[in-house]
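Each chain is listed here by its residues.
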Amino acid sequence: MLHSAFGVARAEELAAQIIASGLQTITYRDLYDYLQQGQCPPENALIVSLDDMGSTWLRPEFKPIIQVFLEHDLKLVAAVVTQGPQSDKVWQYLHDLTTQGIEIASHSVHHYQ
């Protein structure tokens, strides 16, 4: 579970370590598909989630982290908090991410509790 403070340099290191370790990144949808078929995910499976993205505005730190995973052809889950007024620009960006293989997941409506 990554957050904006994780940073792009550490994301590069993480991507390199995932590849060097022979790990396979999967999404929650992939996990669900395995389970629906009565299978376990591969032993080397790893879900990487980038948490606390928003639908109101987008921290600039998220884009380079996402780009690292895209450039290394690694799957990533973007976990979105949906509280507040919605931004069409952010939703379009999130939609564009889905076309590149990034899974968008609900993180919560807010963090009050």
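These numbers were taken from a predicted model, which means no experiment stands behind them.

### Focus: the pattern of salt bridges
Note that side chains of opposite charge can pair when their charged atoms are close. Within this structure, the stated rule accounts for one salt bridge. Across the salt bridge formed by K75 and D30, the nearest N and O atoms sit 2.8 Å from each other. Here the residue K75 occupies a position in the loop between α3 (62-71) and β4 (77-81), and D30 occupies one in helix α2 (residues 28-36), the gap between them amounting to 45 residues.

### What to know about the nonpolar core
Ranked by internal contacts, the top residues of the largest apolar core, which has 24 residues, are L2, L50, M53, I66, F69, L76 and I102. Secondary-structure elements contributing two or more residues to this core are α1 (8-20), β3 (49-54), α3, β4 and α4 (88-99). M53 has contacts with L58, F62, I66, A78, A79, V80, V81, Y93 and L94, leaving out every residue within four places of it along the chain.

What counts and what doesn't
- Residues numbered from 1 in each chain as written.
- Predicted model: local features only at pLDDT ≥ 70, side-chain atom pairs only at ≥ 80, totals over all residues.
- Heavy atoms only, no water.
- Salt bridge = Lys/Arg side-chain N within 4 Å of Asp/Glu carboxyl O.
- Helix = DSSP H or I, 4+ residues; strand = E, 2+ residues; numbered from the N terminus.
- Core = buried A, V, L, I, M, F, W, Y, C linked by side-chain atoms within 4.5 Å.
- Buried < 20%, exposed > 50% of the residue type's maximum accessible area, 1.4 Å probe, protein only.
- Contact = heavy atoms within 4.5 Å.

Limitation: the analysis is restricted to geometry and does not speak to function.
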